[in-house]
Amino acid sequence: MGDDGSGFAVRWPDGSDEQCHTPSSAVRSLLVHDACYPVAEFVDLSRAALMRASQQVERRWGFPCPQAHAQLAALERHASQFDPDAPVRVLYLP
């Protein structure tokens, strides 16, 4: 994680929880604590937040954040198991 690295947690439609990692608090600007999102919307919002976080790292350190890209790939893989309209709940935001 970056110097202000943080994480967030979600509950997938099957009831499983996932702890997610991000190099910055950028996710707070796009996701809301305890909100439910359709899987497709959650992935879109997560993609925007994680790419924003990666760009912040790149501006500061000169290279994009591989951790943000890895987290996005993990979320996309997990999300592909569910109907795009099924609900994902944000359990925790920093």
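Scroll up a little and you will see the structure.
Model, not experiment: these values are computed from the prediction.

Undergrad: How would you sum up the side chain of Ser46? Please name residues and give values.
TA: One can find Ser46 in helix H1 (residues 39-61). Discounting chain neighbours no more than four positions away, the residues touching Ser46 are Leu31 and Leu75.

Undergrad: Please give an account of the nonpolar core that cites residues and values.
TA: Formed by 25 residues in total, the largest nonpolar core has its most connected members in Phe8, Trp12, Leu31 and Phe42. Of all elements in the fold, only strand E1 (6-11), H1, helix H2 (66-79) and strand E4 (87-92) reach the threshold of two or more residues within this core. The greatest single-element share of this core, amounting to seven residues, is contributed by H1. Among all residues touching Leu31, those that are not within four sequence positions of it are Phe8, Tyr37, Phe42, Leu45, Ser46, Val90 and Leu93.

Undergrad: Go over the pairing of E1 with me, naming the residues and quoting the values.
TA: With respect to burial, E1 is a largely interior element, five of its six residues being buried. Pairing between E1 and strand E2 (residues 17-22): six bridges, direction antiparallel. Note on E2: the bridge partner recorded for Phe8 is Cys20. Hairpin connection between E1 and E2: a loop of five residues separates the two successive antiparallel strands, and Gly15 in this loop has a positive phi of roughly 90°. In this structure, E1 lies alongside E4, joined through three bridges in antiparallel fashion. Bridged to Arg11 within E4 is Arg89.

Undergrad: Give a detailed account of H1, specifying residues and quantitative values.
TA: Over its 23 residues, H1 extends 32 Å from the first C-alpha to the last, a length consistent with the 33 Å expected when each residue adds 1.5 Å. Close packing links the buried residues of H1 with E1, E2, strand E3 (36-38), H2 and E4.

Undergrad: Any chance you could break down the packing of H1 against H2 for me, citing the residues and the numbers?
TA: It is at 9 Å that the axes of H1 and H2 come closest, and there the two elements cross at 175°. Looking at the two axes, H1 sits roughly antiparallel to H2. Of the residues in H2, those touching H1 at Val39, Phe42, Val43, Ser46, Arg47, Leu50, Met51 and Ser54 are Ala68, His69, Gln71, Leu72, Leu75, Glu76 and Ala79. Across the contact of H1 with H2, the residue classes tally to nine nonpolar, four polar and two charged.

Reading guide: rules and limits
- Residues numbered from 1 in each chain as written.
- Predicted model: local features only at pLDDT ≥ 70, side-chain atom pairs only at ≥ 80, totals over all residues.
- Heavy atoms only, no water.
- Helix = DSSP H or I, 4+ residues; strand = E, 2+ residues; numbered from the N terminus.
- Contact = heavy atoms within 4.5 Å.
- Core = buried A, V, L, I, M, F, W, Y, C linked by side-chain atoms within 4.5 Å.
- Buried < 20%, exposed > 50% of the residue type's maximum accessible area, 1.4 Å probe, protein only.
- Pairing = 2+ DSSP bridges.
- Expected span 1.5 Å × (residues − 1).
- Axes fitted to C-alpha atoms, helices over the stretch in contact; angles between N-to-C directions.
- Parallel < 35°, antiparallel > 145°, perpendicular 65-115°, else oblique.
- Nonpolar A, V, L, I, M, F, W, Y, C, P; charged D, E, K, R; others polar.

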